[in-house]
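Chain by chain, the residues run as shown.
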Amino acid sequence: MRKLLRLLPLLFILFLFTSCIDYVQSITYKDGKYQMYYKVTLSKVLFALGDEDPEEIFESFDEETLEDLPENVDVKPVNTDLEVGAEFTLSIDPKTTDETEKSFLPTVAGNKCFIPFLLGDKDSSIADAMKSDDNDAQGIAEAIMSSAKCRVLISKKVIPSIEIAYFEGRGSQNYSIPVFDYGESYCLEIPFIVLFESGLYKFDKIVILKS
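Cut-offs used in this document
- Residues numbered from 1 in each chain as written.
- Predicted model: local features only at pLDDT ≥ 70, side-chain atom pairs only at ≥ 80, totals over all residues.
- Heavy atoms only, no water.
- Phe/Tyr/Trp six-rings, centres within 6.5 Å; stacked < 30°, edge-to-face > 60°.
- Helix = DSSP H or I, 4+ residues; strand = E, 2+ residues; numbered from the N terminus.
- Buried < 20%, exposed > 50% of the residue type's maximum accessible area, 1.4 Å probe, protein only.
- Lys NZ or Arg CZ within 6 Å of the ring centre and 35° of its normal.
- Polar contact = N/O pair within 3.5 Å; in protein donor to acceptor, adjacent residues only side chain to side chain.
- Contact = heavy atoms within 4.5 Å.
- Pairing = 2+ DSSP bridges.
- Axes fitted to C-alpha atoms, helices over the stretch in contact; angles between N-to-C directions.
- Core = buried A, V, L, I, M, F, W, Y, C linked by side-chain atoms within 4.5 Å.

Caption draft 1: Quick look at the packing of aromatic side chains. This structure, assessed with the given rule, holds 7 aromatic pairs. With centroids separated by 4.8 Å and ring planes inclined at 85°, the aromatic side chains of phenylalanine 167 and phenylalanine 203 adopt a geometry described as edge-to-face. Here the residue phenylalanine 167 occupies a position in strand S8 (residues 162-167), and phenylalanine 203 occupies one in the loop between strand S11 (185-191) and strand S12 (205-210), the gap between them amounting to 36 residues. With respect to burial, phenylalanine 167 and phenylalanine 203 carry one shared label: buried. Three or more aromatic residues link up through ring pairs in this structure, and these residues are Tyr23, Phe117, Phe167, Tyr175, Tyr201 and Phe203. One cation-aromatic arrangement involves lysine 156 over tyrosine 186; the distance from NZ or CZ to the ring centre is 5.0 Å.

Set out below in structure tokens:
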């Protein structure tokens, strides 16, 4: 019982970090342009339990915040009874010469297609903060983190058939990403916990082998 009580603060922090975050990214092709959509939201309820206000994170999107995004990005706030965040939509001509726009486009090399991944940040500070010397606590932490997922939707107009998807490893081993057939698109599910392994994998692009 005492060990369980010691674990409760860690479990609560992990619960806030994982269950309160929702991330969706999608790409399709329409009217001669790639259409991108991104949504990042945080749970109001769970942040309230931690006596925090998630709205403060999304109060403003100034020039510095958006400087890495193309000029034609459309940003819309998300503010419901349950969540707060933002939606980002982009429409990009595949023949664009704008370097910022080009960085968001998929690229092809042989039978490989590379999809830019917006959350591919190398910063692992959250993961470092959650490390524990207690093996039991660490094991529970990893189990909880693995339940929170990012979802990347790829239209079959962009890639008609997917054999495998993965993050390229920095060594000899890649990270395989589960792929689900949603009918008109594929859904790639990426556990948040994997993104904390920036020393093992490259997260800036998802590599897809076309079948």
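Caption draft 2: Inspection of the side chain of threonine 96 at higher detail. Position of threonine 96 relative to the elements: it lies in the loop between strand S4 (83-92) and helix H4 (99-102). A distance of 2.6 Å separates the side chain of threonine 96 from the side chain of glutamate 101, its partner in a polar contact. Excluding residues that lie within four positions of it along the chain, threonine 96 makes contacts with Glu101, Lys102 and Leu105.

Caption draft 3: Molecular detail of the sheet that holds strand S3 (residues 74-79). Here we have 7 strands laid out as an open sheet, ordered S3-S4-S2-S1-S7-S11-S10, and mixed in their pairing. Every other strand in the sheet has two partners, leaving S3 and strand S10 (179-181) as the edge strands with one partner each. Across the sheet, the mean angle separating the axes of adjacent strands is 15° when strand polarity is ignored.

Caption draft 4: View of the nonpolar core. Grouped together as the largest cluster of nonpolar side chains are 38 residues, with contacts concentrated most on Leu188, Ile206 and Ile208. Tallying contributions element by element places S4 first for this core, with 4 residues. Those residues in contact with isoleucine 206, other than ones at most four positions away along the chain, are Cys113, Phe114, Ile115, Phe117, Val152, Ala165, Tyr166, Phe167, Ile177, Leu188 and Ile190.

Caption draft 5: Broad picture of the sheet that holds strand S5 (residues 107-109). Taken together, 5 strands build an open sheet; the order of strands is S5-S6-S12-S8-S9 and the sheet is antiparallel. Strands at the two margins of the open sheet, each flanked by one partner only, are S5 and strand S9 (175-177). Strand-to-strand twist of the sheet, defined as the mean angle between neighbouring strand axes without regard to direction, takes the value 30°.

Caption draft 6: Structural context of the environment of arginine 151. Relative to the helices and strands, arginine 151 is located in strand S7 (residues 149-155). Under the relative-accessibility criterion, arginine 151 is labelled partly exposed at 31%. On a C-alpha basis, the gap between arginine 151 and isoleucine 190 in space is 6.3 Å, while along the polypeptide they are 39 residues apart. Among all residues touching arginine 151, those that are not within four sequence positions of it are Tyr23, Val24, Gln25, Cys187, Leu188 and Glu189.

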